[in-house]
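# Structural characterization, general
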Amino acid sequence: MTDVLTAPAPTAAAEPARAGGVWRVLASQLSVHSGAAVATTLFPLAGAAGVVSMRLVIGAALMVAVGRPRLRGYTRRQWLLVGVFGAVLAGMNLAFYAAIARMPIGPVVTLEVLGPLTLSVATARSRVAWLWALLALAGVVLLGGGGLDQLDPIGVGYAFLAGTAWAGYIMLSARTGASFPKRDGLTLAMLVAAALALPAGLLLAGGALLDPRVLLLGAAVAVLSSVLPYTFELAALRRLPTSTFALLMSLGPAIAALAGFVMLGQALHPAQIAAIGLVVTASAGVVLWKGRGPAVTD
């Protein structure tokens, strides 16, 4: 990837493309967390497992229709990779939705992002990166002290589990992308995730999944949380250095808190807002510090 700090100044022709990449990343984040906010309105009707199953089934169907992945010619090792990736996708979504069913979206995403942050720190090979980790830890401590009545212990556990799965998703996504043409690996993994989540959704939600209102809102969640972000992020990565993309993605907790406040009225204590700011700063700091190394190209 091109180093965001040491790369030469972009030409005038590159500026519109870079600006387009920036707004696409921000639109992706806003779409994802807006989808999570819509999903919470469905929990009383279909439960977290039911919403996850609808999101994954509808999202996988749309990705298959658009991408038309090849189903033959893969090795057993490739199918095993798809199976593990799909299981991680299903677990990540189930844990995240179980967490936002118990806690406001902003704190959940703040705790969840610690998974990718830990992965970044562990791969940074720098003592300075651990200072950013300590800053993130301070944010978590502050988050816990800023209104314990809003932080359900089980919800916290689900958020950490989702973050762990997210770190696994990042590693498996890279391996899958290198092992399959186009986005076939991701699409096939989505099919596996949908197949794994659907039984739990049917068991816990039952006939509620056939309610027209639930189906309509479930389709909206799938589009907002899967289809649009996938489209925006793919386009953004063609316009931005990977480091810039990662830096913008670190704004996720702040955007999630904004979506929760605007769409659901989930107000946060000042200490919780400060905690989210610390975790966002730590995430951005790790990305920027990595960018100080020798420049490489995609």
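Procedures and definitions
Residues numbered from 1 in each chain as written. Predicted model: local features only at pLDDT ≥ 70, side-chain atom pairs only at ≥ 80, totals over all residues. Heavy atoms only, no water. Core = buried A, V, L, I, M, F, W, Y, C linked by side-chain atoms within 4.5 Å. Buried < 20%, exposed > 50% of the residue type's maximum accessible area, 1.4 Å probe, protein only. Helix = DSSP H or I, 4+ residues; strand = E, 2+ residues; numbered from the N terminus. Expected span 1.5 Å × (residues − 1). Polar contact = N/O pair within 3.5 Å; in protein donor to acceptor, adjacent residues only side chain to side chain. Contact = heavy atoms within 4.5 Å. Salt bridge = Lys/Arg side-chain N within 4 Å of Asp/Glu carboxyl O. Phe/Tyr/Trp six-rings, centres within 6.5 Å; stacked < 30°, edge-to-face > 60°. pLDDT = per-residue confidence, 0-100. Axes fitted to C-alpha atoms, helices over the stretch in contact; angles between N-to-C directions. Parallel < 35°, antiparallel > 145°, perpendicular 65-115°, else oblique. Left-handed = near helix turned anticlockwise from the far one by under 90°. Nonpolar A, V, L, I, M, F, W, Y, C, P; charged D, E, K, R; others polar.

Below, the discussion takes up the nonpolar core. Of all hydrophobic cores here, the largest spans 62 residues; its most connected members are Leu89, Phe96, Tyr97 and Ile100. Judged by nonpolar contacts, the second largest core, of five residues, contains Val25, Ala236, Leu240 and Leu248.

Attention now goes to helix H6 (residues 153–179). Helix length check: H6 (27 residues) gives 39 Å between terminal C-alpha atoms against 39 Å at 1.5 Å per residue, within 8%. A distance of 2.9 Å separates the backbone nitrogen of Ile154 from a side-chain oxygen at the start of H6, and that oxygen is part of Asp152.

Along the chain, Asn93 turns up in helix H2 (residues 76–100). Here Asn93 is in contact with Val52, Arg55 and Leu56, once residues within four sequence places are set aside.

For the structure on display, the rule yields one salt bridge. For Asp152, the salt bridge goes to Arg102, with nearest N and O atoms at 3.5 Å. Note that Asp152 is positioned in the loop between helix H5 (127–145) and H6 and Arg102 in the loop between H2 and helix H3 (105–112), a separation of 50 residues in sequence.

Now for the environment of Gln78. With respect to the helices and strands, Gln78 occurs in helix H2. Note on Gln78: relative accessible area 16%, which makes it buried. When neighbours within four sequence positions are excluded, Gln78 is seen to be in contact with Gly73, Ser179 and Phe180.

Turning our eyes to something else, we now look at H3. For H3, a buried count of eight out of eight residues is recorded, marking the element as mostly surrounded by other parts of the structure. Among the residues making up H3, those that are buried are Ile105, Gly106, Pro107, Val108, Val109, Thr110, Leu111 and Glu112.

Further remarks concern the environment of Val279. By secondary structure assignment, the location of Val279 is in helix H11 (residues 270–290). Accessibility expressed as a relative area gives 0% for Val279, which makes it buried. Here the alpha-carbon distance between Val279 and Leu111, two residues 168 residues apart in the chain, equals 8.7 Å. Discounting chain neighbours no more than four positions away, the residues touching Val279 are Thr110, Val113, Leu114, Ala136 and Gly139.

As a further point, take the packing of aromatic side chains. A full pass over the atoms with the stated rule returns six aromatic pairs. On the numbers, 5.9 Å between centres and 70° between planes, the contact of Trp23 with Phe232 is edge-to-face. Of this pair, Trp23 sits in helix H1 (residues 14–67) while Phe232 is found in helix H8 (residues 212–237), placing the two residues 209 residues apart along the sequence. Residue classification places Trp23 among the partly exposed residues on the basis of a relative accessible area of 44%.

Right, let's get into the confidence of the model for the protein chain. When pLDDT is averaged along the protein chain, the result is 81, and 87% of the positions lie at 70 or above. For the protein chain, per-element mean pLDDT is lowest for helix H9 (residues 242–249), which scores 73, and highest for H2, which scores 93. Here residues 1–13 is a poorly scored stretch, pLDDT under 50, and it has 27 contacts once near neighbours within four places are set aside; other chains count. In the predicted structure, residues 293–298 sits below a pLDDT of 50 and forms twelve contacts with residues beyond four places in sequence or in another chain.

Two elements in contact, H2 and H3, have axes whose closest approach is 9 Å; the angle formed by their N-to-C orientations is 140°. The angle between H2 and H3 falls in the class oblique. In terms of crossing hand, the pair formed by H2 and H3 is right-handed. Here Met92, Phe96, Ala99 and Ile100 of H2 come into contact with H3, specifically with Ile105, Val108, Val109 and Glu112. The residue inventory of the contact of H2 with H3, partitioned by class, reads seven nonpolar, no polar and one charged.

Where H2 contacts H6, the axes come no closer than 8 Å and their chain directions differ by 155°. Classified by the interaxial angle, the pair formed by H2 and H6 is roughly antiparallel. At the point where H2 passes H6, the crossing takes the left-handed sense. Tallied by class, residues from the contact of H2 with H6 come to 18 nonpolar, six polar and two charged.

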